[in-house]
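# What the coordinates show
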Amino acid sequence: MIRFAIVGTNWITRQFIDAAHETGKMKLSGVYSRNQQQADAFVVDYPCKLTFTSLDELAASSEIDAVYIASPNALHSEQAILFMSHGKHVICEKPMASNLREAEAMIACARQHQVVLFEAFKTASLPTFLQLQKTLPQLGKLRKALINYCQYSSRYQRYLDGENPNTFNPRWSNGSIMDIGFYCLAAAVNLWGAPQQVKAQASLLESGVDAHGVVVLDYGDFDVTLLHSKVSDSLIPSEIQGEAGSLIIEKISECQQLRFIPRGGESQNLTQPQHINTMLYEAETFAKLVEAGEVEHAGLETSRITAQLLTEIRRQTGVVFPADQAEV
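Residues numbered from 1 in each chain as written. Predicted model: local features only at pLDDT ≥ 70, side-chain atom pairs only at ≥ 80, totals over all residues. Heavy atoms only, no water.

## Structural notes on helix α1 (residues 11-23)
For α1, with 13 residues, the first-to-last C-alpha span of 19 Å sits near the 18 Å given by 1.5 Å per residue. For α1, the full list of buried residues reads Ile12, Thr13, Phe16, Ile17, Ala19, Ala20 and Thr23. Burial along α1 is one-sided: seen end-on, the buried residues are contained in an arc of 165 degrees. Summarising the contacts, the buried residues of α1 are in contact with β1 (2-7), β2 (26-32), α2 (36-45), β4 (66-69), β5 (89-93) and α9 (280-292). Immediately beyond the C-terminal end of α1, within one or two residues, lies Gly24, with a positive phi of roughly 75 degrees. (Helix = DSSP H or I, 4+ residues; strand = E, 2+ residues; numbered from the N terminus. Expected span 1.5 Å × (residues − 1). Buried < 20%, exposed > 50% of the residue type's maximum accessible area, 1.4 Å probe, protein only. Arc of directions from axis to C-beta. Contact = heavy atoms within 4.5 Å.)

Structural data, given as structure tokens:
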């Protein structure tokens, strides 16, 4: 049984704990919060043996094997490196780093200390996404793809009201491409790897982060357009076009439905059964990597490429984080 601790006591942490326990391979053993009262309140719903208000104490604990990090994006790299340096496996919420420099430092640390580092991008582990990958050859020669995820943020009104929520605050390495747009970008990288070129444009808020944007990935004679927004909703699915047919994907983050439409033929429903808690599959993947001691897994390179593209996209669109200053 993998004894894991969590950093971050929000809704996504609760969902991950449920998923981790569902695997039958992981057990919540520690909760970190800067506030002891908040940690104590959390363990009322999720009982566990240990609570921590010090990251150093959590890192040094001999009763913790792995850590799930769901803190603000800007803290991911420093926290992950601390834990991995103490021999802890890490599953880190996406995006796992603010920029390429941080991502490469995290990967190097995982290799040095021979621990598993895994970016919690759940889409890549979903049964329907895996079916999508298997079905791609049926499309024939690929020509175009549109990967779309636009969703009006529940925190946008707070921003408009003059508050400074993390979602729209560059201090925490956030914004549309780092949050909702990540699903589009990482899905493309998982399917096709690194593009030959990337071109990006975005509309920036006064805070300095992007509200929405468009990214075009050039794969030679095949191009992928990514649409992302945290200030508007979209009702259209994503689509991958080939000379022999098209794939239609409802809500790329969850892969709620997958249809294959052969050119001139009838629609075929390829949707796979999926657990209601779609974080189950990333938890299972992480547990398998830890059990196998598979430090050098394919996800490391995928995460590195994604971080590289995110860094370049922000360079082109003018989104700068405090975390980038060390790169100057």
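## Comments concerning the nonpolar core
Residues Phe4, Phe16, Trp192, Leu217, Val224, Ile240 and Leu247 are the most contacted members of the largest nonpolar core, which totals 83 residues. When near neighbours in sequence (up to four residues on either side) are disregarded, Leu217 contacts Leu185, Ala188, Pro195, Gln197, Val198, Phe222, Asp223, Val224 and Leu226. Counting 27 residues, the second largest nonpolar core, distinct from the first, contains Val7, Phe52, Ile64 and Leu82. (Core = buried A, V, L, I, M, F, W, Y, C linked by side-chain atoms within 4.5 Å.)

## Topic: the pattern of salt bridges
Following the criterion strictly, the structure yields 17 salt bridges and no others. As a salt-bridge pair, Arg3 and Asp65 come within 2.9 Å of each other at their nearest N and O atoms. Residue Arg3 is located in strand β1, and its partner Asp65 is located in the loop between α3 (55-60) and β4; the two are separated by 62 residues in the primary sequence. Judged by relative accessible area, Asp65 falls into the partly exposed class, the value being 23%. (Salt bridge = Lys/Arg side-chain N within 4 Å of Asp/Glu carboxyl O.)

## Observations regarding the UniProt feature "domain: Gfo/Idh/MocA-like oxidoreductase N-terminal" (unreviewed entry) in the protein chain
Under the present numbering, the feature "domain: Gfo/Idh/MocA-like oxidoreductase N-terminal" (unreviewed entry) in UniProt falls on residues 2-120. Span residues 2-120 is 45% helix and 24% strand, its end C-alpha atoms 17 Å apart. (UniProt positions renumbered as here; feature names shortened; annotations may be inferred.)

## What to know about the packing of α1 against α9
Two numbers describe how α1 lies on α9: the axes approach to 8 Å, and their chain directions differ by 55 degrees. Viewed along their axes, α1 and α9 adopt a mutual orientation that is oblique. Every pair of crossing elements has a handedness; the one defined by α1 and α9 is right-handed. Residues Phe16, Ala19, Ala20, Glu22 and Thr23 of α1 form the contact with α9, whose own contacting residues are Leu280, Glu282, Ala283 and Glu284. Class assignment for the residues of the contact of α1 with α9 results in 5 nonpolar, 1 polar and 3 charged. (Axes fitted to C-alpha atoms, helices over the stretch in contact; angles between N-to-C directions. Parallel < 35°, antiparallel > 145°, perpendicular 65-115°, else oblique. Left-handed = near helix turned anticlockwise from the far one by under 90°. Nonpolar A, V, L, I, M, F, W, Y, C, P; charged D, E, K, R; others polar.)

## Structural notes on unusual backbone geometry
A cis amide bond, omega -15 degrees, links Lys94 with the succeeding residue Pro95. With respect to the helices and strands, Pro95 occurs in the loop between β5 and α5 (100-113). A positive phi angle, near 55 degrees, is found at Gln114, a position not held by glycine. As for its placement among the helices and strands, Gln114 is situated in the loop between α5 and β6 (117-120). A positive phi angle, close to 50 degrees, is found at Lys251, a residue other than glycine. Relative to the helices and strands, Lys251 resides in the loop between β12 (245-250) and β13 (257-262). Lys251 sits in the partly exposed class, given a relative accessible area of 33%.

## Considering the state of the cysteines
According to the stated counting rule, one finds 0 disulfides in the structure shown. You can see Cys109 has no disulfide; the closest cysteine sulfur is in Cys92, sitting 12 Å from it. The structure places no disulfide on Cys184, whose sulfur is separated from the nearest cysteine sulfur, that of Cys150, by 7.2 Å. (Disulfide = S-S within 2.5 Å.)

## A closer look at the sheet that holds strand β11 (residues 238-242)
In space, the 8 strands of this open sheet follow the order β8-β9-β10-β7-β11-β12-β13-β14, with mixed pairing throughout. Of all the strands in the sheet, the pair left with one neighbour each is β8 (197-204) and β14 (268-269). In this structure, β8 lies alongside strand β9 (residues 210-218), joined through 8 bridges in antiparallel fashion. Residue Lys199 lies in a different strand from β9, and its bridge partner there is Val216. On top of the sheet, helix α10 (residues 299-317) reaches β8 and β9; it is set at about 55 degrees to β8, its chief contact. (Pairing = 2+ DSSP bridges.)

## Observations regarding α5
In this model α5 runs 20 Å from its N-terminal to its C-terminal C-alpha over 14 residues, within 8% of the 20 Å that 1.5 Å per residue would give. All of the buried residues in α5 are Leu100, Glu102, Ala103, Met106, Ile107, Cys109 and Ala110. On its buried face, α5 is in contact with α4 (76-85), β6 and α10. Taking the backbone nitrogen of Arg101 as reference, a side-chain oxygen 3.3 Å away marks Asn99 as the first, capping residue of α5. Gln114 sits one or two residues past α5 and shows a positive phi near 55 degrees. (Polar contact = N/O pair within 3.5 Å; in protein donor to acceptor, adjacent residues only side chain to side chain.)

## Overview of the packing of α5 against α10
Interaxial distance between α5 and α10 falls to 8 Å at its minimum, and their mutual angle equals 160 degrees. Between α5 and α10, the interaxial angle falls into the category roughly antiparallel. Viewed along their axes, α5 and α10 form a crossing whose handedness is left-handed. Contact residues: α5 offers Leu100, Ala103, Glu104, Ile107 and Arg111, while α10 offers Leu300, Arg304, Ala307, Gln308 and Thr311. The residue makeup of the contact of α5 with α10, split by class, is 5 nonpolar, 2 polar and 3 charged.

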